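Now for the letters of each chain:
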Amino acid sequence: MTIDAYIAGLPKVELHLHIEGSFEPALMFQIAERNGIKLPYESVGALQAAYNFSDLQSFLDLYYQGMNVLQTEQDYYDLTWAYLTKMAAQNVQHVEIFWDPQGHTERGIAFEVPLNGIRAALNEAKTRHGISHELIMSFLRHLSEEEGFATLEQALPHRDAFIGVGLDSSERGNPPEKFQRLFDRCRAEGLKLMAHAGEEGPPEYVSGAIDHLKVDRIDHGNRCMEDPALAQRVADLGICLTVCPQSNMRLKNCTDIAQHPIKPMLDMGIAACINSDDPAYFGGYMSENYQLVQDGLGLDRAALGQLARNGINGSFASAERKSEMLANLAAYETSKA
Ligand code: ADE
Ligand code: ZN
């Protein structure tokens, strides 16, 4: 069996996926047309050609522009269903997905519209494909903490629909401390906490997310590796890092895959896992992200299995579901050894 076939069949989990970042250009054109919206691109190809990013902000500008097309529950359902269909084909067992409510409410879409559409697709995928899920509400860090509080108020009537909160968007200049009171409040609500940190921002944002926001998980976290004491702390605390290799390459946070930090992370026992972030913009889903690091870093099957295991252990699935997924993974590793 080739290593690519091994990766394709490996039972995987995805913990870092922005559902709005799974919006493929062809579907974007289709939904724009049915909503009577004219995209500022002549064709799918012209849109794809614009996906040539120099940094995080150059991507975010197009990401927010793309999601403007989404208006109805059906739109959000179609978006989420398209993603989940692909995940079923890549043998993904469990997904934890972010949505950015402020990217929708800011343009007059009711809070419930994305939530209902996304949840309907997630429930359908559980029934039809056996993919379990959790939903995570992410705050936009370029907005104020006060706006975050207002969003939390809108969300609390739907408290049971999501397991935790995240912090995403423009990292530089928006340190974790800016949201300390909001995260205190979310913790008091019993929500799981996570934040993007050390993607583009400095190692201090990773320690800030740990010390000020008291996160359960860190999204990306790459730049903690620039501070050996911090990296050791992340390893000792057992904090899961949801690493996104293709994203790192496409946003120029890593310029040489052979130097990608996922290998040193694994070597020092950091609980890092593989994820796709915004696959429609970065050129690949789960299997392609595994292939990229396998190829670029020469990871063997044991290392690929460890990445998959770190994803399961770092998930917010129930203890029972985690055991089931770990058993599926172990059975696969044994049968393909
Ligand atoms: N929102 C969507 N994708 C993101 C990323 N990679 N970093 C920060 N915010 C995001
Ligand atoms: Zn992300």
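See the structure above.
Basis of the calculations
Once a new chain begins, its residue numbering starts again from 1 and follows that chain's sequence as written. The lettering of chains begins at A and the numbering of ligands begins at 1, in the order of writing. Local features are withheld for residues below a pLDDT of 70 in this predicted model, meaning they are given only at 70 or higher, and side-chain atom pairs are given and counted only at 80 or more; totals for whole chains, interfaces and linings count all residues. Each side-chain value is derived from all of the structure's non-hydrogen atoms; neither hydrogens nor water enter the calculation. In the sections that follow, a salt bridge refers to a side-chain nitrogen of Lys or Arg positioned within 4 Å of a carboxyl oxygen of Asp or Glu. Each helix corresponds to a stretch of at least 4 residues labelled H or I by DSSP, and each strand to a stretch of at least 2 residues labelled E; elements are numbered beginning at the N terminus. Residue burial is assigned from relative accessible area. The probe radius is 1.4 Å, only protein chains are included, and a residue is buried under 20% of its type maximum, exposed over 50%, and partly exposed in between. Coordinating N, O and S atoms are those within 2.8 Å of the metal (3.2 Å for Na, K and Ca), and as water is not part of the atoms, a site may appear to have fewer donors than expected. Tetrahedral means four donors with every angle between 85 and 135 degrees, whereas square planar (four donors) and octahedral (six donors) require angles over 155 degrees between opposite donors and between 65 and 115 for all others; sites fitting neither are termed irregular. What counts as a ring pair is set by centres within 6.5 Å for rings of Phe, Tyr and Trp (its six-membered ring), and what kind of pair is set by the plane angle: stacked under 30 degrees, edge-to-face over 60, tilted for all other angles. Proximity is defined per residue: if any heavy atom of the residue lies within 4 Å of a molecule or strand, that residue is considered near it. Counting of polar contacts relies on pairs of N or O atoms within 3.5 Å, with two restrictions inside protein: one atom must be capable of donating a hydrogen and the other of accepting it, and residues adjacent in sequence are counted only when both atoms are side-chain atoms. Only the protein chains shown count as cover for residues, and the accessible areas themselves come from Shrake-Rupley with a 1.4 Å probe.

(A) Geometry of the pattern of salt bridges. Counted under the stated rule, the structure contains 14 salt bridges. Between E96 and R217 there is a salt bridge, with the nearest N and O atoms lying 2.9 Å from each other. Pair noted here: E96 is in strand β2 (residues 92-99) and R217 is in strand β6 (residues 217-220), with a separation of 121 residues, a long-range link. Comparing E96 with R217 shows no difference in burial state: the two are buried.

(B) The coordination of the zinc ion (ligand 2), seen in detail. Distances from the zinc ion (ligand 2) to its protein donors, H16 (NE2), H18 (NE2), H196 (NE2) and D277 (OD), fall at 2.0 to 2.2 Å. Because the angles between the 4 donor atoms bound to the zinc ion (ligand 2) fall within 85 to 173°, the donor set is best described as irregular. Read in sequence order, the donor residues coordinating the zinc ion (ligand 2) give the pattern H-x1-H-x177-H-x80-D. Here H196 lies in strand β5 (residues 192-197) and H18 lies in strand β1 (residues 12-18), a separation of 178 residues in the sequence. Take H18 and H196: they sit in the same class, and that class is buried.

(C) Highlighting the packing of aromatic side chains. Counted according to the given criterion, the structure contains 13 aromatic pairs. When the ring of F59 is compared with that of F282, the centres are 4.8 Å apart and the planes differ by 50°; the resulting orientation is tilted. Of this pair, F59 sits in helix α4 (residues 56-67) while F282 sits in helix α14 (residues 279-282), and the two are 223 residues apart along the sequence. F282 shares its class with F59; the two are buried. With 6.1 Å between their ring centres and 70° between their planes, W99 and F162 make a pair best called edge-to-face. Here the residue W99 occupies a position in strand β2, and F162 occupies one in the loop between α8 (145-155) and β4 (164-168), the gap between them amounting to 63 residues.

(D) Inspection of the site of ligand 1 at higher detail. Taken together, the residues surrounding ligand 1 are H18, L56, F59, L60, Y63, D168, S169, H196, E199, H220, D277 and D278. Residue H18 places a side-chain N or O atom 3.4 Å away from a nitrogen atom belonging to ligand 1. Taking E199, its side chain carries an N or O atom lying 2.7 Å from a nitrogen atom of ligand 1. Coverage of ligand 1 by the protein amounts to 100% of the 260 Å² it exposes when considered alone.

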